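Here's the letter readout for the chains.
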Amino acid sequence: MFAGENELKGDPRLPAINKSIRVFPNYPKPGIMFQDITTLLLDHKAFKGTVDIFVERYRDMDISVVAGVEARGFFFGPSIALAIGAKFVPLRKPNKLPGEVISEDYELEYGTDRLEMHVGAVNPGERSVVIDDFVATGGTLSAAKRLLERVGAEVVECACVVGLPEPEEDRRRLDDTPLYILVGPTLDERCF
């Protein structure tokens, strides 16, 4: 679900967020339109608006875990977690966490990867939300969801700053877990 289609229709923060994102065509490979959210981080109003929208959405949903997907989910997840009184759990790429971890493999639109999480970071029954910067096929979010569910967490929702319109097969990857997206991809003259 795109935020602007429902409760945030007409919210001035959404166009500001979208405007702050730049696009690099054919990166990291031909055919990919890379949505670079680092420019959003440089715009304090757009960055604050992004975090505030997520906080407004999750503050009354009894969320105890905000899980951020490496690396750009780390930009938003800790601020959201602090604001709603939840813990932040980083979901890292392979061999980045010391100690005992559990892992989940997944496919990307241009390769394969793995997410890892510390054993004991999330307890059974904890209500969680997964945060990332971008969703295309849902493969990364699906792996994050499976990782959390393997330890008994309830994944209430997955959320991203930018997302492609969801084909039905991508929605099925999340097994009916809601997907909340702030803005669609930027595909205009602001390409670099």
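Residues numbered from 1 in each chain as written. Predicted model: local features only at pLDDT ≥ 70, side-chain atom pairs only at ≥ 80, totals over all residues. Heavy atoms only, no water.

Engineer: Hey, could you run me through the overall build of the protein in this one?
Structural biologist: Looking only at helices and strands, the protein has six helices and nine strands in total. Over its C-alpha trace the protein gives a radius of gyration of 16 Å, about what one expects of a compact globule, namely 16 Å for 192 residues. Its C-alpha atoms give the protein principal-axis dimensions of about 45 × 40 × 30 Å. Counting every position in the protein, which comprises 192 residues, the buried fraction comes to 47%. Looking at the protein alone, contacts between residues at least 24 apart form 63% of all its contacts between residues at least 6 apart. Just so you have it, the protein exposes about 9,200 Å², and 52% of that area is on carbon and sulfur atoms. Of the side chains in the protein, 23 bear a positive and 31 a negative charge, and the two mean positions are spaced by 3 Å. (Helix = DSSP H or I, 4+ residues; strand = E, 2+ residues; numbered from the N terminus. Rg over C-alpha atoms; globule rule 2.2 N^0.38 Å. Buried < 20%, exposed > 50% of the residue type's maximum accessible area, 1.4 Å probe, protein only. Contact = heavy atoms within 4.5 Å. Areas by Shrake-Rupley, 256 points an atom, 1.4 Å probe, with all protein chains shown as cover. Lys, Arg positive; Asp, Glu negative; His and termini not counted. Charge placed at Lys NZ, Arg CZ, Asp CG, Glu CD.)

Engineer: What am I meant to see in the environment of serine 128 here?
Structural biologist: Take serine 128: it is sitting in strand 7 (residues 127-135). Of the residues examined, serine 128 reaches a relative accessible area of 0% and is grouped as buried. Serine 128 sits 63 residues away from valine 65 along the chain, and the two C-alpha atoms are 4.5 Å apart. Leaving out residues up to four positions away in the same chain, serine 128 has contacts with Ile63, Val65, Leu148, Ala153, Glu154, Val155, Val156 and Glu157.

Engineer: I tried to follow the nonpolar core on my own but got confused; where do I start?
Structural biologist: Generally speaking, soluble globular proteins have nonpolar side chains that are buried together. Ile17, Tyr58, Val66, Ile80, Tyr180 and Leu182 are the most contacted members of the largest nonpolar core, which totals 29 residues. At the level of elements, helix 1 (13-19), helix 3 (44-58), helix 4 (73-84), strand 7, strand 8 (154-163) and strand 9 (179-183) are the ones that each hand at least two residues to this core. Broken down by element, the residue count for this core peaks at six residues, all from helix 3. Setting aside residues up to four positions removed in sequence, tyrosine 58 forms contacts with Ile63, Ile84, Val129, Ile131, Glu157, Ala159 and Tyr180. If you look at the next biggest cluster of nonpolar residues, it comprises 26 residues, including Val65, Leu115, Ala144 and Cys160. (Core = buried A, V, L, I, M, F, W, Y, C linked by side-chain atoms within 4.5 Å.)

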